[in-house]
Amino acid sequence: MSIDLTQFKSVGDDVTFDEICEVLSPDKVTIGNNVHFYRGVYLSQCGAHIDIGSHTHFAPYCVLYGPLTIGTHCGIAAHAVFASIGHGYSRTDIPMVEQQAVKNEIVLENDVWIGANAVIIGGVTIGEGSIVGAGAVVTKDVPPYSVVGGTPARIIRNRKEKPRERII
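Residues numbered from 1 in each chain as written. Predicted model: local features only at pLDDT ≥ 70, side-chain atom pairs only at ≥ 80, totals over all residues. Heavy atoms only, no water.

Visitor: What am I meant to see in the pairing of strand β22 (residues 154-158) here?
Guide: Regular strands show a simple pattern: their side chains alternate between the two faces of the sheet. Pairing geometry for strand β21 (residues 146-149) and β22, over 4 bridges, is antiparallel. Each bridged residue has a counterpart across the sheet, and for valine 148 the counterpart in β22 is isoleucine 155. As consecutive antiparallel partners, β21 and β22 are separated by 4 residues, and within that stretch glycine 150 has a phi angle of approximately 100°, a positive value. (Pairing = 2+ DSSP bridges. Helix = DSSP H or I, 4+ residues; strand = E, 2+ residues; numbered from the N terminus.)

This is the structure:
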């Protein structure tokens, strides 16, 4: 079953979806030019928007929940999860799965690389030129040109600073 690009809010040129991708509410999705969704990518707007810039790719089995904005020239590795929606948990007299959902937009600025199996939590902005390491869980904003990793993710270094020489 192929994805019908005419149902999207807006789609640029050279946008491709591999097999078994799924898009819920495509009318809330905007996609730029030269974007590739590899096998098994899942997009769910949850009543919100998903905006994806040009020259971006999503490796197999990424999960994208809206609200979500992704800039241009971004690379998203396999099994990355953008968790911009979650269960409410403020009340203890109602099961969490029955409480109103909480939505917080995730923003990836331009030229961002997300490593395999990374999880980005709602309300986070990842600055331009940043790298999120494989398996990281990002719970706070990432400054531009940062390399982050770990659970929870922390800054490892700034890409614009010259690395220190190692003495052997």
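Structure shown, so let's carry the discussion forward.
Visitor: Can you help me understand the side chain of serine 54 in this one?
Guide: Positionally, serine 54 belongs in the loop between β7 (50-52) and β8 (56-58). Exposure remark for serine 54: the relative accessible area of 16% places this residue in the buried category. Polar side-chain contacts of serine 54 include one of 2.8 Å to the backbone nitrogen of asparagine 33. Dropping the residues within four chain positions of it, serine 54 is found in contact with Gly32, Asn33, Asn34, Val35, Gly71, Thr72 and His73. (Buried < 20%, exposed > 50% of the residue type's maximum accessible area, 1.4 Å probe, protein only. Polar contact = N/O pair within 3.5 Å; in protein donor to acceptor, adjacent residues only side chain to side chain. Contact = heavy atoms within 4.5 Å.)

Visitor: Would you explain the environment of threonine 69 in this entry?
Guide: Residue position: threonine 69 is located in strand β10 (residues 68-70). In this structure, the C-alpha to C-alpha distance between threonine 69 and threonine 125, residues 56 residues apart in sequence, is 9.4 Å. Dropping the residues within four chain positions of it, threonine 69 is found in contact with His49, Asp51, Glu105, Ile106, Val107 and Leu108.

Visitor: Whenever I open this one, the side chain of glutamine 99 confuses me. Can you help?
Guide: Along the chain, the position of glutamine 99 falls in the loop between β13 (85-86) and β14 (102-103). Take glutamine 99: its relative accessible area is 12%, and that puts it in the buried class. In this structure the side chain of glutamine 99 is engaged in a polar contact, spanning 2.7 Å, whose partner is the backbone oxygen of arginine 91. Leaving out residues up to four positions away in the same chain, glutamine 99 has contacts with Gly88, Tyr89, Ser90, Arg91 and Ile94.

Visitor: Explanation requested: the sheet that holds strand β5 (residues 35-37) in the structure shown.
Guide: Strand pairing in a sheet is mediated by backbone hydrogen bonds. Such pairs are either parallel or antiparallel. As summarised here, the arrangement of the 8 strands in space is β2-β5-β8-β11-β16-β19-β21-β22, forming an open sheet in which the pairing is mixed. With one partner strand each, in any of the chains shown, β2 (15-17) and β22 form the two edges of the open sheet. By the bridge criterion, 3 bridges tie β2 to β5 in an arrangement that is parallel. Residue pairing for β5: threonine 16 is matched across the bridge by histidine 36.

Visitor: How should the sheet that holds strand β9 (residues 63-65) be read in this particular structure?
Guide: Here we have 6 strands laid out as an open sheet, ordered β3-β6-β9-β12-β17-β20, and parallel in their pairing. With one partner strand each, in any of the chains shown, β3 (22-24) and β20 (137-138) form the two edges of the open sheet. Pairing of β9 with strand β12 (residues 81-83), which is carried by 2 bridges, proceeds in the parallel orientation. Following the sheet pairing, valine 63 is matched in β12 by valine 81.

Visitor: Would you explain the packing of aromatic side chains in this entry?
Guide: Remark: the centre distance and the inter-plane angle together describe each pair of aromatic rings, the angle taken between the planes. By the definition in use, this model includes 4 aromatic pairs. Each ring, one from phenylalanine 8 and one from phenylalanine 17, has its centre 5.8 Å from the other, and the planes form 35°; the classification is tilted. Across the pair, exposure class does not vary: phenylalanine 8 and phenylalanine 17 are buried alike. Consider the rings of phenylalanine 17 and phenylalanine 37, whose centres lie 4.2 Å apart with planes at 5°: the pair is stacked. (Phe/Tyr/Trp six-rings, centres within 6.5 Å; stacked < 30°, edge-to-face > 60°.)

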